[in-house]
Amino acid sequence: MQQALPEHQVHAWDEGRPSGQAQMAVVWAPPTALFQHEPRLTHVFNLGAGVDALLPLPGMPDDITLVRMEDGGMAVQMAEYVLHYLVRVSRDLDRYAELQAQACWRPLPDIDRDAWSVGVMGAGVMGARVAQACAALDYPVAVWSRSGRPVPGAQVYAADQLDQFLARTRVLVNVLPLTDQTQGILSQALFDQLLPDAYLINIARGAHLVESDLLASLQAGRLRGAALDVFAQEPLPAHHAFWHDRRIHVTPHVAGASLLSLSVQQIADKIQALGRGEAITGVVDRSRQY
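Owing to the predicted nature of the structure, the values given are computational and were not obtained by experimental measurement.

## Overview of the environment of Q2
Now for step 1: Topologically, Q2 is positioned in the segment before β1 (24-27).
Now for step 2: Linking Q2 and A268, residues 266 residues apart in sequence, is a C-alpha distance of 9.2 Å.
Now for step 3: Those residues in contact with Q2 that lie beyond four places of it in its chain are H8, Q9 and V10.
Now for step 4: Of the polar contacts made by the side chain of Q2, one reaches the backbone oxygen of L5; its length is 3.1 Å.

## Focus on the nonpolar core
Now for step 1: In this structure, V118, V173, I201 and I203 are the most contacted members of the largest nonpolar core, which totals 45 residues.
Now for step 2: Secondary-structure elements contributing two or more residues to this core are α2 (74-90), β4 (118-121), α4 (125-136), β5 (141-144), β7 (171-174), β8 (198-202) and α8 (260-275).
Now for step 3: Counting residues per element, this core draws most heavily on α2, at ten residues.
Now for step 4: Dropping the residues within four chain positions of it, I201 is found in contact with Y81, V82, Y85, L86, V171, L172, V173, N174 and A227.
Now for step 5: Residues L200, L218, L223 and L228 belong to the second largest nonpolar core, which totals 26 residues.

## Quick look at the packing of α2 against α4
Now for step 1: Where α2 meets α4, the closest approach of the two axes is 8 Å, and the angle between their N-to-C directions is 45°. Our classification of the angle between α2 and α4 gives oblique. Classified by chirality, the crossing of α4 by α2 is right-handed. Every residue of α4 that contacts α2 at M74, A75, V76, M78, A79, V82, L83 and L86 is listed here: V125, M126, R129, V130, A133 and C134.

## Re the pattern of salt bridges
Now for step 1: Using the criterion set out here, one finds 13 salt bridges in the structure.
Now for step 2: The closest approach of N and O atoms between R17 and D14, which form a salt bridge, is 3.7 Å.
Now for step 3: Exposure remark for R17: the relative accessible area of 68% places this residue in the exposed category.
Now for step 4: With a relative accessible area of 32%, D14 lands in the partly exposed category.
Now for step 5: For R286, the salt bridge identified is with D62, shortest N-O distance 3.8 Å. Of this pair, R286 sits in the segment after α8 while D62 sits in the loop between β2 (43-46) and β3 (65-67); the two residues are 224 residues apart in sequence, bridging distant segments of the chain.
Now for step 6: In this structure R286 comes out as partly exposed when scored by relative accessible area, which is 27%.
Now for step 7: On the basis of relative accessible area, D62 is assigned to the exposed category, the value being 71%.

## What to know about unusual backbone geometry
Trans is the common state for peptide bonds, and a negative phi is the common state for residues other than glycine.
Now for step 1: Here L55 and P56 are connected by a cis peptide whose omega angle stands at -5°.
Now for step 2: Mapped onto the secondary structure, P56 falls in the loop between β2 and β3.
Now for step 3: Unusually for a residue other than glycine, A103 sits at a positive phi of about 55°.
Now for step 4: The topology assignment puts A103 in the loop between α3 (93-101) and β4.
Now for step 5: You will see that H253, though not glycine, has its phi angle at about 55°, which is positive.
Now for step 6: In this fold, H253 is placed in the loop between β10 (248-250) and α8.
Now for step 7: The exposure class of H253 is partly exposed, given its relative accessible area of 38%.

## Section: the side chain of Q289
Now for step 1: Along the chain, Q289 turns up in the segment after α8.
Now for step 2: Residue classification places Q289 among the buried positions, given a relative accessible area of 15%.
Now for step 3: In terms of polar contacts, Q289 uses its side chain to reach the backbone amide nitrogen of D180, at 2.9 Å.
Now for step 4: Apart from the residues within four sequence positions on either side, Q289 is in contact with V51, L55, L178, T179, D180, Q181 and V284.

About the criteria used
- Residues numbered from 1 in each chain as written.
- Predicted model: local features only at pLDDT ≥ 70, side-chain atom pairs only at ≥ 80, totals over all residues.
- Heavy atoms only, no water.
- Helix = DSSP H or I, 4+ residues; strand = E, 2+ residues; numbered from the N terminus.
- Contact = heavy atoms within 4.5 Å.
- Polar contact = N/O pair within 3.5 Å; in protein donor to acceptor, adjacent residues only side chain to side chain.
- Core = buried A, V, L, I, M, F, W, Y, C linked by side-chain atoms within 4.5 Å.
- Buried < 20%, exposed > 50% of the residue type's maximum accessible area, 1.4 Å probe, protein only.
- Axes fitted to C-alpha atoms, helices over the stretch in contact; angles between N-to-C directions.
- Parallel < 35°, antiparallel > 145°, perpendicular 65-115°, else oblique.
- Left-handed = near helix turned anticlockwise from the far one by under 90°.
- Salt bridge = Lys/Arg side-chain N within 4 Å of Asp/Glu carboxyl O.

Next up, the structure:
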């Protein structure tokens, strides 16, 4: 960060030796002491796209501008992750792995892409990249978001069109921010509106998912399977049912990591823009929680 901002003084914050002069902070799950000892802070840059760990954060003044990471190399990784599981399920690659274990040479039916409609919940930087990656492989893609923001290559559904969005979706991908409105959105009521033999990919937050509802939907045959990268409790406890269900693929919150060089450059560019008196993107609307 110091190399990217040679005109600024950059320090690793130490609660035992606060500067008291910091104007901007780059954080991940900061202690409340940061705001007690650094009263001159005007901007806080979060090292992730989701800011649910910061809202609310006791001790953070309301007048501090909170800025989220808009990409930092995460979007392309999330697109890769979704494509991996989308292709895996739509091309029957898990079934071919089972056939290999049996030394069985048996071609399965060819893919019908129209039967594998993808629905992406969330149309921000991450959601848009995921949707466009799926569309590039000729899967039918739709995006649902509060804003109804257009995404090239995807059909767009606005906030009040969730039912219509779910009714045409077989592979559901969640990239929503975690807010009071979206917590627990991946529930039995939602799964019941998807196309038959549906598949869930959750790469947003564990609190979006009602875990017992997912297990019930799998047991009832309502869902075919799920790929989960995020969980209500992380690390996922060793005794958790998800580890032992063959229909569920578990990864340890790695779908999209903030890459160091790209994250540093994005934050540095925004700090320099602020120094020039320019507006920046990624500013969090606290009323929306993203």
